[in-house]
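Residue-level structure breakdown
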Amino acid sequence: MNCSGCSPIYPIEGQGTLYLRPISPALLEALQTPGRYIETSDDMMWMHFTDLEAVQSLIEEIGIIDPTLRDNLTVQITPLYEQANEEGWISLTMQESRFKHAELVSIILEHQFSSHMQPIVDASEQIIGYEFLLRPAENGKPFSSYELFEVARETGLHSFLDRTARITAIETSALFLPHGVKRFVNFLPSSIYNPEYCLTHTFDAIERLALDPKDFVFEVVETEQIQHMSILQHIFEVYRSRGMSVALDDVGAGYSTIELMNRLEPDFVKIDRSLIDRCDQDSTKQQKILDIVEMSSRFGGQVLAEGIERMEEFEFCRSIGIELAQGYFFGKPAAQPLDGPCSNT
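Anyway, here's the lowdown on the structure attached to this text. (Residues numbered from 1 in each chain as written. Predicted model: local features only at pLDDT ≥ 70, side-chain atom pairs only at ≥ 80, totals over all residues. Heavy atoms only, no water.)

1. With respect to the packing of helix α7 (residues 158–176) against helix α9 (residues 200–208)
The interhelical angle for the contact between α7 and α9, taken along N-to-C directions, is 15°, at an axis separation of 10 Å. Classified by the angle between their axes, α7 and α9 sit roughly parallel to one another. For the crossing formed where α7 meets α9, the hand is right-handed. Every residue of α9 that contacts α7 at R163, R166, I167, I170 and E171 is listed here: H201, T202, A205, I206 and R208. Among the residues forming the contact of α7 with α9, the class breakdown is four nonpolar, two polar and four charged. (Axes fitted to C-alpha atoms, helices over the stretch in contact; angles between N-to-C directions. Helix = DSSP H or I, 4+ residues; strand = E, 2+ residues; numbered from the N terminus. Parallel < 35°, antiparallel > 145°, perpendicular 65-115°, else oblique. Left-handed = near helix turned anticlockwise from the far one by under 90°. Contact = heavy atoms within 4.5 Å. Nonpolar A, V, L, I, M, F, W, Y, C, P; charged D, E, K, R; others polar.)

If you want it as structure tokens, here you go:
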């Protein structure tokens, strides 16, 4: 199966073509009103439009003509002289969501975002790497990363956004970081259907920019939604086969992540910020953190404490052998890396 994030996805222009499939004789008859020309083939029908409001009204009309079509009718909108492609079909509901969230959809399709870097330090507070986080482009429209990914999921664009965000992070790292500095890059496992195919663009970008695969750590997010462990294990295997490391995020946020950690045995184990917050004052949190450190040591995973905001938290984590840390205490996400040693003032 190919990943939908790799197929052409077009911003909706003022004019273009609306494709519909499968053909519904009743719908075809209802849509053929005076002044509207509809073409058909064996498996689809289509019509050209000259303004956005017309196609939006037409899609609303289809839902009114036959509400059951929402379950089986798929649509595709292309620029005027482009033909429908096999992987560009989406549900009627997804297309309506693209109209509803037009501004955020345009941010996704037009790559109006950038990668900011948050430092990761070792026990001596030396920067050893950065995590890359999605942020609005300079002078671009504001958005929250959470909302952008939720809209991407609702509109069928999450594979596309995940892929372009990964490549943006890789390209940003090439601009600012020297060889030997770790680059933690997030990925959504639900966006990767076939790792050998869907990750091709990621691997090509690293090769094109002459970067060292050993500098990359690919970090799985949305762990609570992982339904097929074998798929995620395979994704990890593909990354590792290319010389890259893998990390599991939000460990300790729930039982499922502890179980995942033990089954996946990631190279890096990132302890959730909810456990780190005031951990120096909470014996229950301390025991949970100690358990994660002990379990990680069994398979050689390096532990990273996320969300450090106070020196006392960092000191406790260091005292029990946690090797890496990240948080506002060391630096907030920024468009460029910190100069010189890490500043925690």
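2. What to know about the sheet that holds strand β3 (residues 45–49)
Within the open sheet, the five strands sit side by side as β2-β3-β1-β4-β5. Their pairing is antiparallel. With one partner strand each, in any of the chains shown, β2 (39–40) and β5 (90–91) form the two edges of the open sheet. Sheet topology note: the strand β1 (residues 16–21)/β3 ladder contains five bridges and is antiparallel. Its bridge partner being in β3, Y19 is matched across the sheet by W46. Packing of helix α2 (residues 52–65) onto the sheet brings it into contact with β1, β3 and β4 (74–79), and relative to β1 it is tilted by some 15°. (Pairing = 2+ DSSP bridges.)

3. Comments concerning α7
The α-helix winds at 3.6 residues per turn, so residues separated by three or four positions along the chain end up facing the same way. With 19 residues, α7 extends 27 Å from end C-alpha to end C-alpha; this agrees with the ideal 27 Å at 1.5 Å per step. Taken across its 19 residues, α7 has 15 buried, putting it largely inside the fold. (Expected span 1.5 Å × (residues − 1). Buried < 20%, exposed > 50% of the residue type's maximum accessible area, 1.4 Å probe, protein only.)

4. Describing the packing of aromatic side chains
By the definition in use, this model includes eight aromatic pairs. Ring centres of F218 and Y239 lie 4.4 Å apart, and the angle between their planes is 10°; this geometry places the pair in the stacked category. Of this pair, F218 sits in strand β9 (residues 216–220) while Y239 sits in helix α10 (residues 229–241), and the two are 21 residues apart along the sequence. This pair shows no difference in class: F218 is buried, exactly as Y239 is. An angle of 80° between the planes, with centres 5.2 Å apart, marks the rings of F329 and F330 as edge-to-face. (Phe/Tyr/Trp six-rings, centres within 6.5 Å; stacked < 30°, edge-to-face > 60°.)

5. A look at α2
End to end, α2 covers 20 Å across 14 residues, agreeing with the expected 20 Å (1.5 Å per residue, within 8%). Taken residue by residue, α2 has V55, L58, I59, I62 and G63 as its buried positions. Down the axis of α2, the smallest arc covering the buried residues is 140°, so these residues share one side. Opposite the buried face of α2, by more than 90 degrees, sit the exposed residues E53 and I64. For α2, the secondary structure elements touched by its buried residues are β1, α1 (25–31), β3, α3 (69–72), β4 and α4 (92–100). A distance of 3.3 Å separates the backbone nitrogen of E53 from a side-chain oxygen at the start of α2, and that oxygen is part of D51. (Arc of directions from axis to C-beta. Polar contact = N/O pair within 3.5 Å; in protein donor to acceptor, adjacent residues only side chain to side chain.)

6. Quick notes on the packing of helix α5 (residues 102–109) against helix α6 (residues 145–154)
Orientation of α5 relative to α6, taken along the N-to-C sense of each, is 95°, at an axis distance of 10 Å. Taken together, the axes of α5 and α6 lie roughly perpendicular to each other. Residues L104, V105, I107 and I108 of α5 touch α6, and the partners they reach there are E147, L148, V151 and A152. In the contact of α5 with α6, the residues fall into seven nonpolar, no polar and one charged.

7. Side note on the pairing of strand β11 (residues 268–271)
Each regular strand shows side chains that alternate between the opposite faces of the sheet. Burial of the side chains of β11 extends over both faces: F268 and K270 are buried on one face and V269 and I271 on the other. By the bridge criterion, three bridges tie strand β10 (residues 245–251) to β11 in an arrangement that is parallel. Residue pairing across strands places A247 opposite F268, the latter belonging to β11. Taken together, the four bridges between β11 and strand β12 (residues 302–305) define a ladder with parallel strand orientation.

8. Brief notes about the sheet that holds strand β13 (residues 324–326)
Around the barrel, eight strands lie side by side as β6-β7-β8-β9-β10-β11-β12-β13; this closed barrel has mixed pairing. Across this sheet, the average inter-strand angle for adjacent strands is 30°, counted without regard to direction. Relative to strand β8 (residues 182–187), strand β7 (residues 127–136) runs parallel, the two being bridged by four bridges. Paired with G129 across the two strands is K182, which belongs to β8. This element, α7, spans β6 (113–122), β7, β8 and β9 of the sheet and lies at about 60° to β6.

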